[in-house]
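Below, each chain spelled out in residue letters.
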Amino acid sequence: MKDFLLLFRNDPQVAQTLSPEELQARTKKWMDWVGGIAAQNKLVDRGNRLSNEGAVLKPGNIITDGPYVEIKESLGGYTLIRAESLEEAIELSKGCPILQFDGNVEVRPINPM
Amino acid sequence: MTQTDGLLPHLFRTEYSKITAVLCKLFGIEHVEIAEDIASDTFLLASETWGIKGLPENPAAWLYTVAKNKAKDYLKRNTLFMQKIMHQLDSNELDDRELEINLSDQNITDSQLQMMFAICHPSISAEAQICLSLRVLCGFGINEIAAAFLTSKETINKRLFRAKEKLREENVKIEFPSEGAIGERLETVARTLYLLFNEGYYSHSQESTLQKEVCYEAMRLTYFLLENKKTNLPFINALMSLMCFHASRFEARTDGDGQTILYQDQDENLWDRELISRGNYFLNTAWQGNKITKYHIEAGIASWHTKKEDSAEKWEHILQLYNQLLIIEYSPVAALNRTYALSKANGKAEAVIEAEKLNLAGNQLYHLLLGELYMGTDDLMAVDHLQKALQLATAKSDKTLITNKILAISLLSKG
């Protein structure tokens, strides 16, 4: 078994337009998906959501505000899972609800230092 | 002498553990056997004397006096042991060989609580902790422990022996953990009490009275923790709540012949309302903390099960609680129960797909679940899984239950 980092990206502005009922329905989909991975004993760390604000540091002491709000694919959160192979990790990620909401999942194997 | 017949086992349970705890605290845990021997001798004398002369006015006080004298006699006879003990105690009373054996309520309570921490020491295996708890904290006999674990007396004796060796090796002290360590140590104590309760609740032992007693002992010890300010923490309340909810169904879960009655077939009127309301009280107290533990979640699930009628809301809540529970800590049972809740909340079709991913083919309950999920849509698959469950089943009551299910399906498909 190997650990994989799942990175979730979507357009953060969409969530702001949703009704409470729609948000609740989305939360249920997330919980059912993560719960399903945990039920297979393949969840390492549920991870967290990321705030939209933030900063990017570049060489020469250039600091920019997170321009994420305007980008359709902003990094919104992460989860850690374990799987036998990249293929299996991809298979587990196919149920991620973000795919139904125009977002995407990046699956990256973790190489321990 | 029927009067003493009923009283003695009860007194034994409650007083044996008190006497052992106080003496053990005095002698040090490395001499736990001596404390146990003195307590056992005391009860032997009680059963002989009371059988002839009848009950003393205050049986507990009688036991304490005898235990004290026996402890003092023992110390006088064993000068070597006494020197060691006296050395440890740093007592000024060496000369007249008078040893204060304090059997006040306060000292009993303190000693028992400290014994719980000593026995539930992280260096000892969970299995051994449960065994030691039953023996030393609850006063169960070796025969009873063997019956509860469905194993032989020899196995239990070996297990106890090794556990006591380990306590000596690790030089475990009978004391209250330091302020900083108490939370962590209490987690081990809570886990042991939780396992102890489950041992009674889910054991396949045919002796249902014994099963209940194991559960009640686990509850008594948990209550102990709630009575002390330092250990009355939210997650201990959650644990107590969970136990109350489960125990409320004791009378409803087996029939007159000791056969299991499944939740959906139970008579609600037999559920203990008093225990349910206590469970609610402890759960409310538990939520006053800010850390959510698996005990909170499990108590939450159990509280939904105190409402018998099915509703979409009920199963959606239960499903979400199982999702949370699995995120905190995986266990095969939680994974199976979560999938059952999923079938109730999201439908059988989705649950079958999820169940197939669980990778628990060697588990009887897994095949029982799949049998349940396929029933009505694919009876052949249902029977196939129930057959597998039957092969894996060991308890007689389980086998009867599964056989009946298979019969019901074949009757339905014929009709």
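Residues numbered from 1 in each chain as written. Chains lettered and ligands numbered in written order. Predicted model: local features only at pLDDT ≥ 70, side-chain atom pairs only at ≥ 80, totals over all residues. Heavy atoms only, no water.

Let us now look at the packing of helix α13 (residues 294–304) of chain B against helix α14 (residues 312–328) of chain B. The relative placement of two packed helices is expressed as an angle between their axes plus a distance between the axes. All names here are of chain B. Interhelical geometry of α13 versus α14 gives an angle of 160 degrees and a closest axis separation of 9 Å. Considering their axes alone, α13 and α14 lie roughly antiparallel with respect to each other. When the axes of α13 and α14 are compared, the crossing they make is left-handed. When α13 is examined against α14, the residues K294, I297, E298, G300, I301 and W304 are found in contact with a partner set consisting of E313, K314, H317, I318, L321, Y322, Q324, L325 and I328. Of the residues belonging to the contact of α13 with α14, the class tally is 8 nonpolar, 3 polar and 4 charged. (Axes fitted to C-alpha atoms, helices over the stretch in contact; angles between N-to-C directions. Helix = DSSP H or I, 4+ residues; strand = E, 2+ residues; numbered from the N terminus. Parallel < 35°, antiparallel > 145°, perpendicular 65-115°, else oblique. Left-handed = near helix turned anticlockwise from the far one by under 90°. Contact = heavy atoms within 4.5 Å. Nonpolar A, V, L, I, M, F, W, Y, C, P; charged D, E, K, R; others polar.)

Turning next to the interface of chain B and chain A. As a measure of interface size, the accessible area lost when the parts come together is often cited. Each side of the interface is counted separately: chain B has 14 residues, and chain A has 12 residues. Buried area between chain B and chain A, summed over both chains or domains, comes out near 1100 Å², and the portion from carbon and sulfur atoms is 59%. At the junction of chain B with chain A, the criterion picks out 1 salt bridge. Residues E316 of chain B and K28 of chain A are paired through a salt bridge, measuring 2.9 Å at the closest nitrogen-oxygen approach. The interface formed by chain B and chain A contains 7 residue pairs in polar contact (both at pLDDT 80 or more). For the side of chain B that touches chain A, the secondary-structure elements that each account for two or more residues are α14 and α15 (332–346) of chain B. (Buried area = accessible area lost by both parts, 1.4 Å probe. Salt bridge = Lys/Arg side-chain N within 4 Å of Asp/Glu carboxyl O. Polar contact = N/O pair within 3.5 Å; in protein donor to acceptor, adjacent residues only side chain to side chain.)

Our focus in this paragraph is the environment of E268 of chain B. Residue and element names in this part refer to chain B. You can see E268 is positioned in the loop between α11 (234–247) and α12 (273–286). Put simply, E268 and G371 are 103 residues apart on the chain and 26 Å apart in space, counted from C-alpha to C-alpha. The residues touching E268, leaving out its near neighbours within four places in the chain, are R273 and K308.

Quick look at the pairing of strand β5 (residues 74–83) of chain A now. Residue and element names in this part refer to chain A. Bridge count for strand β1 (residues 2–10) against β5 is 9 bridges, and the pairing is antiparallel. Pairing of N10 across the sheet is with S74, part of β5. Pairing analysis gives 4 bridges linking strand β2 (residues 43–49) to β5, with the strands arranged antiparallel. Looking at β5, one finds that L43 is bridged to I81. (Pairing = 2+ DSSP bridges.)

The next thing to look at is the pattern of salt bridges. One pass over the structure, following the stated rule, counts 24 salt bridges over all chains. As a salt-bridge pair, E36 of chain B and R135 of chain B come within 3.1 Å of each other at their nearest N and O atoms. Of this pair, E36 of chain B sits in helix α2 (residues 32–53) while R135 of chain B sits in helix α6 (residues 126–137), placing them 99 residues apart in sequence. Here E36 of chain B and R135 of chain B have matching classes, each one buried. Across the pair K212 of chain B and E251 of chain B runs a salt bridge, and its minimum N-O distance is 3.3 Å. Linking K212 of chain B in helix α10 (residues 208–227) with E251 of chain B in the loop between α11 and α12, this pair joins segments that are 39 residues apart in sequence. Judged by its relative accessible area of 46%, E251 of chain B falls in the partly exposed class. In the salt-bridge network here, residues are joined through shared partners; they are R9, E106 and R108 of chain A. (Buried < 20%, exposed > 50% of the residue type's maximum accessible area, 1.4 Å probe, protein only.)

With that out of the way, let us pick up the nonpolar core. Membership of the largest hydrophobic core comes to 95 residues, with the highest contact counts inside it found for F27, M115, M116 and L193 of chain B. In terms of residues, this core owes the most to one element, α11 of chain B, which gives 10 residues. Not counting the four nearest positions on each side in its chain, M115 of chain B is found in contact with A21, C24, I29, V136, L137 and I174 of chain B. Listed in part, the 50 residues of the second largest apolar core include L92 and C96 of chain A together with L342 and A355 of chain B. (Core = buried A, V, L, I, M, F, W, Y, C linked by side-chain atoms within 4.5 Å.)

What follows deals with the confidence of the model for chain A. For chain A, the mean per-residue pLDDT works out to 90, and 95% of the residues sit at or above 70. Here helix α1 (residues 12–16) of chain A stands out as the element of chain A with the lowest mean pLDDT, 79, in contrast to helix α3 (residues 86–93) of chain A, whose mean of 97 is the highest. (pLDDT = per-residue confidence, 0-100.)

Another point: the sheet that holds β5 of chain A. All names here are of chain A. The antiparallel open sheet is built from 4 strands, whose spatial order is β2-β5-β1-β6. Two strands close off the open sheet at either side, each with one partner strand: β2 and β6 (104–109). This sheet shows a mean twist of 20 degrees between the axes of neighbouring strands, independent of strand direction. On the sheet, helix α2 (residues 20–39) packs against β1, β2 and β5 and is oriented at approximately 155 degrees with respect to β2.

A few words now on the packing of aromatic side chains. All names here are of chain B. Scanning the entire structure with this criterion turns up 14 aromatic pairs over all chains. On the numbers, 5.6 Å between centres and 15 degrees between planes, the contact of F197 with Y201 is stacked. A residue pair is termed a helical-turn pair when its members lie 3 or 4 positions apart in one helix, as F197 and Y201 do in helix α9 (residues 182–202) at 4 residues. A relative accessible area of 2% means that F197 is categorised as buried. One aromatic cluster is present, formed by F197, Y201, Y202, Y216 and F250 through successive ring pairs. Lying across the ring of Y201, R253 places its NZ or CZ 3.7 Å from the centre. (Phe/Tyr/Trp six-rings, centres within 6.5 Å; stacked < 30°, edge-to-face > 60°. Lys NZ or Arg CZ within 6 Å of the ring centre and 35° of its normal.)

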